[in-house]
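# Descriptive structure summary
Chain by chain, the residues:
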Amino acid sequence: MLTEYALRKRVMVTGGAGFLGSNLCDRLIADGHDVLCVDNFFTGTKDNIRHLLDNPHFELMRHDVTFPLYVEVDEIYNLACPASPIHYQFDPVQTTKTSVHGAINMLGLAKRTKAKIFQASTSEVYGDPAVHPQTEGYWGHVNPIGPRSCYDEGKRCAETLFFDYHRQHKLRIKVARIFNTYGPRMHPNDGRVVSNFIVQALKGEPITIYGDGSQTRSFCYVDDLIEAFIRLMGTPDDVTGPVNTGNPGEFTIKQLAEKVIQMTGSSSRLIYEPLPTDDPTQRQPDISLAREKLGWEPDITLETGLARTIPYFDALLSK
Ligand SMILES: NC(=O)c1ccc[n+]([C@@H]2O[C@H](COP(=O)([O-])OP(=O)(O)OC[C@H]3O[C@@H](n4cnc5c(N)ncnc54)[C@H](O)[C@@H]3O)[C@@H](O)[C@H]2O)c1
């Protein structure tokens, strides 16, 4: 019994009702921890965590991280933040507040409880990169005043806060820079490329490609990413990150569209629209540091990941 208490940690996940957060909650529950899921349901939904609601080791709290929170926890995963341009540009001031005030509040909580704290940062901190692939030492090429800045600069400022709390207050921090991730529980209409293409293909609608489709992206399947989160949280205290987490396999947007059409057996055709402002032309993680510090690399191929994701959207659309 004592061993069980000693091993069972009280883990808080902010943004726990979202795509990544709910998958992380599943993993933490499966690993035998007590999970406190905190969310304001801006983009997340109870459907993502409905199956956990009866579990005595799972607790759901409606709360906005821009306000302070007083709870007792051992570890914090700070994921709360809208992640797709449609959602983070809906109320850009609130997006910056969520990243910056949210980070301050969660870091304050970590300081008081002496909890270890993880930050879901993003490849967007590299902006439209002038270096390819991006290593953690690259400082980025970011527009501070454009329509994407609320997200990019908000996340950059959150990283600053994490490292200042680490230097100034000796907090144990873990910063992951997440690259494009996809899988079940992604929001169906958030404009992210994988969900967009799958939904359009399943509905037999034209698949929209912005630009000529030659821009590249790398896509990581959610289970691979969650494994990286868990490993990063488990590293010794001197491993703070930032650590790139993503799949270095690179595909053009057009290749992705063609693969989705083929795997869904869809009759959708491709249509082309102008590229949005500040849309990066190329993005690929260099994951050498993750390989070295976490002994991690993704092992789920795009084909396998899509084969697990397509049925999720199929079921959602037929509801
Ligand atoms: N999915 C990706 O490819 C990706 C890539 C880079 C970074 N990230 C980061 O990972 C995290 C999770 O992303 P996701 O893809 O699961 O997005 P998501 O939109 O599905 O999840 C975000 C969650 O945060 C909640 N939230 C938003 N503002 C909040 C607030 N003020 N207080 C409390 N909860 C709030 C939302 O309701 C939602 O449940 C985000 O911080 C995002 O920036 C994701």
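Everything here concerns the structure above.
Residues numbered from 1 in each chain as written. Predicted model: local features only at pLDDT ≥ 70, side-chain atom pairs only at ≥ 80, totals over all residues. Heavy atoms only, no water.

## With respect to the overall build of the chain
- Along the chain, the regular secondary structure elements total 10 helices and 13 strands.
- In terms of overall dimensions, the chain is globule-like: its C-alpha atoms have a radius of gyration of 19 Å, near the 20 Å expected for 319 residues.
- When its C-alpha atoms are laid out on the principal axes, the chain stretches across 60 × 45 × 40 Å.
- Across the 319 residues in the chain, those meeting the buried criterion constitute 53%.
- Across the chain, the fraction of contacts at a sequence separation of at least 24, relative to all contacts at a separation of at least 6, is 81%.
- Here the chain has roughly 14,200 Å² of accessible surface; of this, 53% comes from carbon and sulfur atoms.
- Of the charged side chains in the chain, 33 are positive and 39 negative; the average position of the first set lies 4 Å away from that of the second. (Helix = DSSP H or I, 4+ residues; strand = E, 2+ residues; numbered from the N terminus. Rg over C-alpha atoms; globule rule 2.2 N^0.38 Å. Buried < 20%, exposed > 50% of the residue type's maximum accessible area, 1.4 Å probe, protein only. Contact = heavy atoms within 4.5 Å. Areas by Shrake-Rupley, 256 points an atom, 1.4 Å probe, with all protein chains shown as cover. Lys, Arg positive; Asp, Glu negative; His and termini not counted. Charge placed at Lys NZ, Arg CZ, Asp CG, Glu CD.)

## Some remarks on the site of the ligand
- Lining the immediate environment of the ligand, one finds 30 residues, of which Asp39, Thr43, Tyr151, Lys155 and Arg192 sit closest.
- One of the backbone nitrogen or oxygen atoms of Gly44 is found 2.9 Å away from an oxygen atom of the ligand.
- In this structure, a nitrogen atom belonging to the ligand sits 2.9 Å away from a main-chain N or O atom of Val65.
- The fraction of the free accessible surface of the ligand (820 Å²) that becomes covered by protein chains is 97%. (Near = heavy atom within 4 Å. Polar contact = N/O pair within 3.5 Å; in protein donor to acceptor, adjacent residues only side chain to side chain.)

## Section: the state of the cysteines
- The full count for this structure, using the stated rule, is zero disulfides.
- Free of any disulfide, Cys25 has its nearest cysteine sulfur in Cys37, 4.5 Å distant.
- Judged by its relative accessible area of 0%, Cys25 falls in the buried class. (Disulfide = S-S within 2.5 Å.)

## Overview of the pattern of salt bridges
- Considering all chains together, one arrives at 18 salt bridges under this definition.
- Among the ionic pairs, Asp26 bridges to Arg185, the shortest N-O distance being 2.9 Å. With a gap of 159 residues between them, Asp26 in helix 2 (residues 19-30) and Arg185 in the loop between strand 7 (181-182) and helix 6 (193-203) connect regions that are remote in the sequence.
- A relative accessible area of 22% means that Asp26 is categorised as partly exposed.
- Linking Arg27 and Glu227 is a salt bridge whose minimum nitrogen-to-oxygen distance equals 2.8 Å. Of this pair, Arg27 sits in helix 2 while Glu227 is found in helix 7 (residues 222-233), placing the two residues 200 residues apart along the sequence.
- By relative accessible area, Glu227 is classed as partly exposed at 23%. (Salt bridge = Lys/Arg side-chain N within 4 Å of Asp/Glu carboxyl O.)

## Quick look at the packing of aromatic side chains
- Per the stated rule, a full pass over the model turns up eight aromatic pairs.
- Aromatic side chains Tyr88 and Tyr151 sit 4.4 Å apart centroid to centroid with 5° between the ring planes, which places their arrangement in the stacked category. Taken together, the residues span a long stretch of sequence, with Tyr88 in helix 3 (residues 85-88) and Tyr151 in helix 5 (residues 149-169) at a distance of 63 residues. Exposure class is identical for Tyr88 and Tyr151. Each is buried.
- Plain terms: the ring middles of Phe118 and Phe229 are 4.6 Å apart, the flat faces sit at 50° to each other, and that makes the pair tilted. Here Phe118 is found in strand 5 (residues 116-122), whereas its partner Phe229 is found in helix 7, with 111 residues between them in sequence.
- You can call Phe118 buried: its relative accessible area is 0%.
- Phe229 sits in the buried class, given a relative accessible area of 1%. (Phe/Tyr/Trp six-rings, centres within 6.5 Å; stacked < 30°, edge-to-face > 60°.)

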